[in-house]
2 protein chains.
Amino acid sequence: MLSEQPIQSIRKTIQGYEKEDKAYIAVDCIIFGFDLNEEELKILLVQRDFEPQKGEWSLMGGFLKKDENLDEAAARVLYQLTGLYDIYMEQLGVFSEIDRDPADRTVSIAYYALINIIDHNQEMVDHHSAQWFNLSEIPRLIFDHNKMVNSAIQRLQYKASVQPIGFELLPEKFTMRHLQKLYEAILQRELDKRNFTKKINALDILIKLDEKDKESSKKGSFLYTFDKEKYLQKRAEGFVFKI
Amino acid sequence: MLSEQPIQSIRKTIQGYEKEDKAYIAVDCIIFGFDLNEEELKILLVQRDFEPQKGEWSLMGGFLKKDENLDEAAARVLYQLTGLYDIYMEQLGVFSEIDRDPADRTVSIAYYALINIIDHNQEMVDHHSAQWFNLSEIPRLIFDHNKMVNSAIQRLQYKASVQPIGFELLPEKFTMRHLQKLYEAILQRELDKRNFTKKINALDILIKLDEKDKESSKKGSFLYTFDKEKYLQKRAEGFVFKI
DNA sequence: TCAAAAGTGTTCACCGTACACCCATGG
DNA sequence: CCATGGGTGTACGGTGAACACTTTTGA
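Because the structure is predicted, anything quoted here is derived from the model rather than measured.

**A short note on the confidence of the model for chain A**
- Taken over all residues, the pLDDT of chain A has a mean of 92, while the share at 70 or more is 92%.
- Taken together, the stretch residues 1-15 of chain A has pLDDT below 50 and engages in 23 contacts with residues farther than four places along the chain or on a different chain.

In structure tokens, the structure reads:
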């Protein structure tokens, strides 16, 4: 009898999954952007436009569907809010307190994402009543979302010091000052201009362009691009990025 | 009508959780132990004693229950196999490929744990047909468990270099040689005895005992204990552990 | 007395950090 | 011509890595 059943149903029967509890699985995204004008690191939050907790701020989220894995779910959620594909994104961890969502048992997987702030689709952001907040001005969020945000900031600080992910937050062309201010915003401390430049140049993964950015000064400052090919090549040879 | 309902059911109705998919949530544990005699780092695997995949090796696991969070579930699973409470344990990440478990959609959260190998309850281990494997001799495991193991080894290497978690793997009293061999096993490279001793002593978080361990040599080597209080004190003052 | 492991210092290269002045330009 | 930000070099202390010989003692 047993041997006539397809494998899947045998396993189900034997392991007794039916007796186990199921839960909803959510994905919540901490979306970072760097505002070049204000020289501030920001995160994108959505405002709930329905009861209950209407008007409260929250991370953008969604539920895991049958036909996708978590990375796909997170990418989908990010697309819904920003209109962007191929965003840099990393899983942060799981938040599973029993009553974290009072509506129903929901386990949430937090992701953080880095986007170039000027790329996002403003209409889609407006449609979700979303808004950018400075790290120092994050409001109270629903559920355990503040915990997620703090965890994301910590992770970003670590990751940015050990992998060149900072460039995900900058436009294609940027100045040394932009880069330094970005790292200052991430690490939340001031850096010495001479030492920073020296270190970045020593890494030898930027291309100095012939163009200057005249926005910020009369003299103008040289623009750079991140040489991803060169970085990948070097990394394959054992080079480790460290700031 | 709506306003008469309790909050929870309002939220459920509005958010439409019912339309979302649920999934089973599993916890799988990578249990590390350090064999002092063989000077080898090992992990504890269980052998499935039921069909299908009978005889195949697997991580110890279980399902998340309604009335516990993931840390509690992992602690429960660890207790079931080792008889130990209060084990050092950390969440690794989520594994969510759609068909990772062919029986049913199951998202698994991997945890790694560090135990003192001589503390565990041998009867409980035998009862689960569990066995210790050297890191270099890990067999093929079911599902995506090999991926989890690799991820755990990487995480352990990082974490051990940045937090004094190595002591979780050693008995109360240990020699410098034990400690060095442990770090060599974790980092998978040889360390210089003089530099290692110097570094550890400079950290100033061990207590040198008057006792000697005569097992390993005629001369005997001094025993040490980890001074957790002192470490916590120093950490509170900004000290950072680094090996 | 000898084999086997324990214990112990020095040197050098490199890296991180502190620190200040001249340059180019538009208004 | 001057105010503003851009761009650059040096000196020092600390840390990581390489390296070898003496001590102890049980068999």
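Once the structure has been displayed, the description carries forward.
**Details of the nonpolar core**
- With 54 residues, the main nonpolar core has Leu70 of chain A together with Leu70 of chain B as its most contacted residues.
- Sequence-distant contacts of Leu70 of chain B, that is, excluding residues within four places in its chain, are made with Val94, Ser96 and Val107 of chain A together with Ile25, Val27, Leu64, Gln91, Ile109 and Tyr111 of chain B.
- Within the second largest apolar cluster, 47 residues are counted, among which are Trp57, Leu114, Leu187 and Leu206 of chain A.

**Considerations on unusual backbone geometry**
- Residues other than glycine seldom take positive phi values, yet Ser129 of chain A does so here, at roughly 50°.
- Here Ser129 of chain A is to be found in the loop between helix 3 (122-127) and strand 7 (130-134).
- The backbone of Asp86 of chain B shows a phi angle near 55°, a positive value even though the residue is not glycine.

**What to know about the environment of Gly83 of chain B**
All names here are of chain B.
- Mapped onto the secondary structure, Gly83 falls in the loop between helix 2 (70-82) and strand 5 (88-95).
- A sequence separation of 40 residues divides Gly83 from Glu123, and the C-alpha atoms of the two residues are 9.1 Å apart.
- The residues touching Gly83, leaving out its near neighbours within four places in the chain, are Leu78, Asn121 and Met124.

**Regarding the protein's contact with DNA strand D**
- Around DNA strand D, a shell composed of 18 residues is seen, among which Lys193 and Lys198 of chain A together with Arg194, Asn195 and Lys219 of chain B lie nearest.
- Backbone atoms, meaning sugar plus phosphate, form 35% of the atoms of DNA strand D positioned within 4 Å of the protein.
- Elements with a contribution of two residues or more to the surface near DNA strand D: helix 6 (193-203) and strand 10 (221-226) of chain A together with helix 6 (193-203) of chain B.
- Looking at the surface near DNA strand D element by element, the count peaks at 4 residues for helix 6 of chain A.

**Here we look at the sheet that holds strand 10 (residues 221-226) of chain B**
All names here are of chain B.
- The 3 strands are arranged 8-10-9 in an open sheet whose pairing can be described as antiparallel. Strands at the two margins of the open sheet, each flanked by one partner only, are strand 8 (174-175) and strand 9 (206-213).
- Note that strand 9 and strand 10 share 5 bridges and pair antiparallel. Residue pairing in the sheet places Lys212 in a bridge with Phe222 of strand 10.

**Some words on the protein's contact with DNA strand C**
- Taken together, 18 residues lie around DNA strand C, and Arg194 and Asn195 of chain A together with Lys193, Arg194 and Lys198 of chain B are the ones closest in.
- At 2.8 Å from a base nitrogen of DNA strand C is found a side-chain nitrogen or oxygen belonging to Lys193 of chain B.
- One nitrogen or oxygen atom from the side chain of Lys198 of chain B is found 2.8 Å from a base oxygen belonging to DNA strand C.
- Of all the secondary structure elements, the ones that give two or more residues to the surface near DNA strand C are helix 6 of chain A together with helix 6 and strand 10 of chain B.

**Some thoughts on the packing of helix 5 (residues 176-187) of chain B against helix 6 of chain B**
Residue and element names in this part refer to chain B.
- Two numbers describe how helix 5 lies on helix 6: the axes approach to 11 Å, and their chain directions differ by 105°. Relative to helix 6, the element helix 5 lies roughly perpendicular. Seen from helix 5, the contacting residues are Met176, Leu179, Gln180 and Tyr183; seen from helix 6, they are Lys193, Phe196, Thr197, Ile200 and Asn201.
- Residues belonging to the contact of helix 5 with helix 6 are distributed by class as follows: 5 nonpolar, 3 polar and 1 charged.

**Digging into a positive patch on the surface**
- Judged by side-chain charge, Arg189, Lys199 and Lys242 of chain A together with Arg189, Lys199 and Lys242 of chain B come together as a positively charged surface patch.
- Considering the arrangement of structural elements, one finds Lys199 of chain B in helix 6.
- Under the relative-accessibility criterion, Lys199 of chain B is labelled partly exposed at 42%.

**Considering the relation of the copies chain B and chain A**
- For the pair chain B and chain A, the relating rotation is 180°, the translation along its axis is 0.0 Å, and the fit reaches an RMSD of 0.0 Å. Both copies are brought into coincidence by an operation consistent with a two-fold rotation axis.
- A shared interface surface links the copies, since 100% of the contact residues of chain B are contact residues in chain A too.

About the thresholds
Position labels on residues start from 1 in each chain and follow its written sequence. All chains are assigned letters beginning with A, and all ligands numbers beginning with 1, in the order in which they are written. In keeping with the predicted nature of the model, local features appear solely for residues at pLDDT of at least 70, side-chain atom pairs appear and are counted solely at 80 or more, and the whole-chain, interface and lining totals rest on all residues. Processing note: side-chain calculations cover all non-hydrogen atoms of the structure and skip hydrogens and water entirely. Each residue carries a pLDDT score, the predictor's own confidence in it, on a scale running from 0 to 100. Here a residue-residue contact requires only that any non-hydrogen atoms of the pair lie within 4.5 Å. Residues belong to a common nonpolar core when they are buried Ala, Val, Leu, Ile, Met, Phe, Trp, Tyr or Cys residues joined through side-chain atoms within 4.5 Å. Buried, partly exposed and exposed residues are distinguished by accessible area as a fraction of the type maximum, computed with a 1.4 Å probe on protein chains only: under 20%, between the cut-offs, and over 50%, respectively. The numbering of helices and of strands both runs from the N terminus, where a helix is a DSSP run of H or I of at least 4 residues and a strand a run of E of at least 2. Nearness of a residue to a molecule or strand requires only that one of the residue's heavy atoms be within 4 Å of it. At least two bridges found by DSSP between two strands are what make those strands a pair. Under the rule applied, a polar contact is a pair of N or O atoms within 3.5 Å (in protein, one hydrogen donor and one hydrogen acceptor; residues adjacent in sequence only if both atoms are side-chain atoms). Lines fitted to C-alpha atoms define the axes here, with helix axes fitted over just the stretch in contact, and angles between the N-to-C directions of these axes take values from 0 to 180 degrees. In this scheme, roughly parallel covers angles under 35 degrees and roughly antiparallel covers those over 145, while 65 to 115 is roughly perpendicular and the rest are oblique. Gly counts as polar in this scheme, as do all residues outside two lists: the nonpolar Ala, Val, Leu, Ile, Met, Phe, Trp, Tyr, Cys and Pro, and the charged Asp, Glu, Lys and Arg. Only residues whose relative accessible area exceeds 30% and that form no salt bridge enter a patch; like-charged residues are grouped when within 9 Å of one another, and nonpolar side chains (Val, Leu, Ile, Met, Phe, Trp, Tyr) when within 5 Å. The method behind every accessible area is Shrake-Rupley, applied with a 1.4 Å probe, and residues are considered shielded solely by the protein chains displayed. In the sections that follow, a salt bridge refers to a side-chain nitrogen of Lys or Arg positioned within 4 Å of a carboxyl oxygen of Asp or Glu. In this tally, Lys and Arg are treated as positive and Asp and Glu as negative; His is ignored, and so are the chain termini. Here the site of a charge means atom NZ of a Lys, CZ of an Arg, CG of an Asp or CD of a Glu. For the least-squares superposition of copies, only C-alpha atoms count, and only for residues with pLDDT at least 70 in both.

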